[in-house]
Amino acid sequence: MAVRIGDEIVLDLVDNAFGGEAVGRINNLVIFVPFAIKGEKVRVKIISKKRRMLFADLLEVIEPSPERQEPFCKNFGRCGGCQYQHIKYPYQLEIFVKQLKDLLIRTGGFLELPEILPALPSPKTTHYRNRIDLHPAVDEAGEPYYGFCLRNAPKTIFPLTECPIFALEDDFSKIPMRMEDKLLVLRTHSGEPYYYFKDNHNVVSSKPYDYKTKESLGDEDVFYDFCG
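Presented here is an overview of the structure given in this document. If you're wondering where the values come from, they're calculated on a predicted model, not measured in any experiment.

Calculation criteria
Residues numbered from 1 in each chain as written. Predicted model: local features only at pLDDT ≥ 70, side-chain atom pairs only at ≥ 80, totals over all residues. Heavy atoms only, no water. Helix = DSSP H or I, 4+ residues; strand = E, 2+ residues; numbered from the N terminus. Expected span 1.5 Å × (residues − 1). Buried < 20%, exposed > 50% of the residue type's maximum accessible area, 1.4 Å probe, protein only. Contact = heavy atoms within 4.5 Å. Patch = residues over 30% accessible without salt bridge, like charges linked within 9 Å, V, L, I, M, F, W, Y side chains within 5 Å. Areas by Shrake-Rupley, 256 points an atom, 1.4 Å probe, with all protein chains shown as cover. Salt bridge = Lys/Arg side-chain N within 4 Å of Asp/Glu carboxyl O. Pairing = 2+ DSSP bridges. Axes fitted to C-alpha atoms, helices over the stretch in contact; angles between N-to-C directions. Polar contact = N/O pair within 3.5 Å; in protein donor to acceptor, adjacent residues only side chain to side chain.

Once that is clear, we can look at helix H1 (residues 89-106). The first and last C-alpha atoms of H1 sit 26 Å apart over 18 residues, in line with the 26 Å expected at 1.5 Å per residue. Within the span of H1, buried status applies to Tyr91, Gln92, Leu93, Ile95, Val97, Gln99, Asp102 and Leu104. Tucked into the core, H1 has its buried residues touching strand S1 (8-16).

With that settled, the discussion passes to a nonpolar patch on the surface. Taken together, Ile105, Phe110 and Leu113 make up a surface patch of nonpolar side chains, about 240 Å² in accessible area. Secondary-structure assignment places Phe110 in the loop between H1 and strand S6 (131-138).

Right, let's talk about the sheet that holds strand S2 (residues 21-26) for a bit. In spatial order, the strands read S1-S2-S3-S5-S4; together these five strands close into a barrel with mixed pairing. Between one strand axis and the next, the sheet turns by 50° as a mean value, whatever way the strands run. Pairing analysis gives five bridges linking S1 to strand S4 (residues 41-50), with the strands arranged antiparallel. The residue of S4 that forms the bridge with Ile9 is Val44.

Here we take up the sheet that holds S6. As summarised here, the arrangement of the six strands in space is S8-S7-S6-S9-S10-S11, forming an open sheet in which the pairing is antiparallel. Looking along the sheet, the strands with just one partner apiece sit at the ends: strand S8 (153-159) and strand S11 (209-210). When S6 meets strand S7 (residues 144-150), the two strands line up antiparallel, connected through four bridges. In the sheet register, Pro136 faces S7, and the bridge partner there is Tyr146.

Residue placement: Asp210 occurs in strand S11. Only 2.9 Å separates the side chain of Asp210 from the backbone nitrogen of Lys212, close enough to count as a polar contact. In contact with Asp210, other than residues within four places in its own chain, are Glu192, Pro193, Tyr194, Tyr195, Glu215 and Leu217.

In structure tokens, the structure reads:
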């Protein structure tokens, strides 16, 4: 049976791919399914094709993996920032080690792998991130806000009222600091949080400013600790 774009099919997933996707196969074609896990039976809709690879949207998890969990962020799935929150953390670490081995063999050309130790877990699985890039946007009433890009729609920005993986807990959509057509980069390293502006090409466009006082930190370099 030929599989066409728009078809809905039931699929057994046989592997985990990069970027949080799972892999199924049909008619010698590989199908990539986001937000799914190896071992699951799912119903998907084919949305695109590239060579002998198909890409699908997940419609239903018919038989869930025991490694599946409820994502802790309300924006997971529509935000383009996270891909693994539906997978229990210990299993995520196993996937990362497998991906490293695959890279060493397929890209690195290793015929025999050196010993690969298990991945060390982080003591924090939320509020660990020390930087976010906030995109400026304007709502239908003309009110400005900051947000993140929708998954697969990088020009569409949704208001970011919270980010559970970022160190600060705040309504980031309401940050009043503005520089026309610039992204606001918010960092939390050692000391007080600070921000600066940049363009879409990662060119810094301003001095750093203290996040709380909004005062300029001048042209001085900003230092932060790493592993002591």
